Each structure stands twice: as C-alpha cells, then as structure tokens.
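Each chain is listed here by its residues.
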Amino acid sequence: MNNTLTEHDQRALDAAYEQACKSLAEGGIPIGSALINPSGEIVAVGHNERVQSDDPTAHAETVCIRKAGRRRDWHTLTLASTLSPCAMCTGTAILHRIPRVVIGEHQTFLGREDWLNAESVEVILANDPRCISLMERFISERPDLWNEDIGVPPDET
C-alpha cells in the first residue's frame, strides 16, 4: 500500500469528496467516487444512492462505474473512493481490471483492500481528514442507516 498521492489522484479524490457531500445533502450515505484517466480527465463520478434510489447495490463506486458506460480503457483508469471499497465494489473494480484505487480513508470501515492487493491492484491510502471526519460524523449521527448500509443485522447493533 502506498500513501503518496499524485496530482491526478488528488483531483479524483476531491471529485469523490464532492460527491460524498452531495449524497449527504440528499439524505444518503456520504460516500463518493470518481474515475480519472491518465491525462487527468475525470471520466465519471458517482455517490452512494442506496437510500435515494432504494437500490442496495447503488454504492458510490458501482454508481461511478455504471456512469462511465461501456469502455475499453478500464485498464488505464484510477478509481478514487472516499471510503475503503466493500466486497461488491472491490469485485466490480477487479472485474473491470482497474489497476489503481485511491482510498480516502479506511479508519471508519475497512473494506476488501486485501482482495485488491491479492489481485495486484495498486492501492493508495490518502488518510484524508475530510473523508474521516465526514464518515465519523455520519456514523455517529445515523448509526442505524450506516449499519443498514454495511449489512449489520438489527439484533447485532
């Protein structure tokens, strides 16, 4: 795991953070994602829309990848997410052979970074204070919604 962000990585993470804030303003889970190409162009953004769309698969990374549409250049893109990707989102990135994933933070939730590493995906951990603060505040204020999002049964809370 690497902790050094390039200028493009930072641009993608900033776009992902904006998406996370957008989701929160819509009453959703504050997680955002962005795809960036090697020349620094943001090719797609997305945020968690699970609450807004009543779709349990509408996580930020999956929404972002859907918005990118049909492509043949997945192997050149970097996926940025404000939070460590869950198993579903990790699997989507691996399926599309995305070679780099920038993670805003994994302090509040550790997703399947082990799987990314096992598939030789370059993982860059930003430890971004904005991302950490946003999730800590959300989890504190809406633990019920957070536990629902990560699949924690009501009797285990």
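Above this text you will find the structure in question.
Source: prediction; values computed, not measured. (Residues numbered from 1 in each chain as written. Predicted model: local features only at pLDDT ≥ 70, side-chain atom pairs only at ≥ 80, totals over all residues. Heavy atoms only, no water.)

Colleague: How should the packing of helix α3 (residues 60–68) against helix α4 (residues 87–95) be read in this particular structure?
Modeller: Any two packed helices are characterised by the angle at which their axes cross and by the distance between the axes. In contact at an axis separation of 8 Å, α3 and α4 are set at 30° when each is read in the N-to-C sense. On the basis of their axis angle, the class for α3 and α4 is roughly parallel. Along the contact surface, α3 presents Glu61, Thr62 and Ile65, while α4 presents Met88, Cys89, Thr92 and Ala93. Residues belonging to the contact of α3 with α4 are distributed by class as follows: four nonpolar, two polar and one charged. (Axes fitted to C-alpha atoms, helices over the stretch in contact; angles between N-to-C directions. Helix = DSSP H or I, 4+ residues; strand = E, 2+ residues; numbered from the N terminus. Parallel < 35°, antiparallel > 145°, perpendicular 65-115°, else oblique. Contact = heavy atoms within 4.5 Å. Nonpolar A, V, L, I, M, F, W, Y, C, P; charged D, E, K, R; others polar.)

Colleague: Please explain helix α6 (residues 129–141) as it appears in this structure.
Modeller: Since the α-helix turns once every 3.6 residues, residues separated by three or four places project in the same direction. Relative to the 18 Å expected for 13 residues at 1.5 Å per residue, α6 spans 18 Å between its end C-alpha atoms, a close match to the ideal helical length. Among the residues making up α6, those that are buried are Cys131, Ile132, Leu134, Met135 and Phe138. Here the buried residues of α6 occupy an arc of 165° about the axis, which is enough to place them on one side. Exposed side chains of α6 directed beyond 90 degrees from the buried face belong to Pro129, Ser140 and Glu141. Those residues of α6 that are buried lie in contact with α1 (7–25) and α7 (143–149). Of the residues flanking the start of α6, the one acting as N-cap is Asp128, its side-chain oxygen 2.8 Å from the backbone nitrogen of Arg130. (Expected span 1.5 Å × (residues − 1). Buried < 20%, exposed > 50% of the residue type's maximum accessible area, 1.4 Å probe, protein only. Arc of directions from axis to C-beta. Polar contact = N/O pair within 3.5 Å; in protein donor to acceptor, adjacent residues only side chain to side chain.)

Colleague: Honestly, the packing of aromatic side chains in this entry has me stumped. Any pointers?
Modeller: The description of an aromatic ring pair rests on the distance of the ring centres and on the angle between the ring planes. In this structure the tally under the stated criterion is one aromatic pair. Directly above the ring of Tyr17 sits Arg130, whose terminal nitrogen or CZ lies 4.6 Å from the centroid. (Phe/Tyr/Trp six-rings, centres within 6.5 Å; stacked < 30°, edge-to-face > 60°. Lys NZ or Arg CZ within 6 Å of the ring centre and 35° of its normal.)

Colleague: In this structure, what is going on with the pairing of strand β1 (residues 32–36)? I would like to understand it.
Modeller: Consecutive side chains along a regular strand alternate between the two faces of the sheet. For β1, a buried count of five out of five residues is recorded, marking the element as mostly surrounded by other parts of the structure. By the alternation rule, side chains of β1 split into Gly32, Ala34 and Ile36 and Ser33 and Leu35, which are all buried. Summarising the sheet, β1 and strand β2 (residues 42–47) pair through five bridges and their orientation is antiparallel. Paired with Ile36 across the bridge in β2 is Ile42. In textbook terms, the turn of a hairpin is the stretch between consecutive antiparallel strands, and for β1 and β2 this stretch comprises five residues, one of which, Gly40, has a positive phi near 95°. (Pairing = 2+ DSSP bridges.)

Colleague: Any chance you could explain α4 here in plain terms?
Modeller: Three or more residues of α4 are buried, namely Cys89, Thr90, Gly91, Thr92, Ala93 and Ile94. Contact partners of the buried residues in α4: α3, β3 (78–81) and α5 (113–118). Of the residues trailing α4, Arg97 is marked for its positive phi of about 60°.

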